[in-house]
Amino acid sequence: MSIVNAAKFLMRQRPNTRRLFRGEEPNRTTENLMSVLYSPKLRNRFFFDNPADARYYAQRQGTLTGNVYSVDVPEKYVNIGRKMAKRRKGPSYSSEVILPKKFIPEVELNYIQTVAARLQATLDFLKNR
């Protein structure tokens, strides 16, 4: 497989779908705070349609090992997820989407965004030394 074909394969997207992103820190220390602010039913269902927001969550608190995950979701479910995000209690963000449970098994690690988040975290770490 050529490099061009590999890039097309990695960047593919089904018609009428939207790619959503989620940033995670492997060693989170804010888990107790999150359980107070958010319903436990919504755990691991917060996604963003903006990859920059997901990269921020993958690199916050000085972690250098954050991951960014992505999933392709039909536009219909993205709109439903936005409505859920607006109606829930707690702080919310403009690009936030609550992912329906049936799409959670389809979530994959997004290598390009993960590398970008780790690189930015490393640069911030070196700049603050």
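From a predicted model like this one, the values you see are computed outputs, not experimental measurements. (Residues numbered from 1 in each chain as written. Predicted model: local features only at pLDDT ≥ 70, side-chain atom pairs only at ≥ 80, totals over all residues. Heavy atoms only, no water.)

Undergrad: Could you give an account of helix H3 (residues 51-59), naming the residues involved and the relevant values?
TA: Among all positions of H3, only Ala54, Tyr57, Ala58 and Gln59 are buried. Here the buried face of H3 lies against strand E1 (17-24), strand E2 (46-48), strand E3 (67-74) and helix H5 (111-127). Capping of H3 at its N-terminal end is provided by Asn50; its side-chain oxygen lies 3.2 Å from the backbone amide nitrogen of Ala52. Taken from the residues just after H3, Gln61 is the one with a positive phi, measuring 60 degrees. (Buried < 20%, exposed > 50% of the residue type's maximum accessible area, 1.4 Å probe, protein only. Helix = DSSP H or I, 4+ residues; strand = E, 2+ residues; numbered from the N terminus. Contact = heavy atoms within 4.5 Å. Polar contact = N/O pair within 3.5 Å; in protein donor to acceptor, adjacent residues only side chain to side chain.)

Undergrad: Give a detailed account of H5, specifying residues and quantitative values.
TA: With 17 residues, H5 extends 24 Å from end C-alpha to end C-alpha; this agrees with the ideal 24 Å at 1.5 Å per step. Every buried residue belonging to H5 is among Gln113, Thr114, Ala117 and Ala121, and all of these are buried. All buried residues of H5 project into a common sector of 105 degrees when viewed along the axis, lining one side. Those residues of H5 that are exposed and aimed more than 90 degrees away from the buried face are Tyr111, Val115, Leu119, Leu126 and Lys127. At its buried positions, H5 is contacted by E1, H3, E3 and strand E5 (108-109). The N-cap of H5, judged by a side-chain oxygen 3.3 Å from the amide nitrogen of Ile112 a few residues on, is Asn110. (Expected span 1.5 Å × (residues − 1). Arc of directions from axis to C-beta.)

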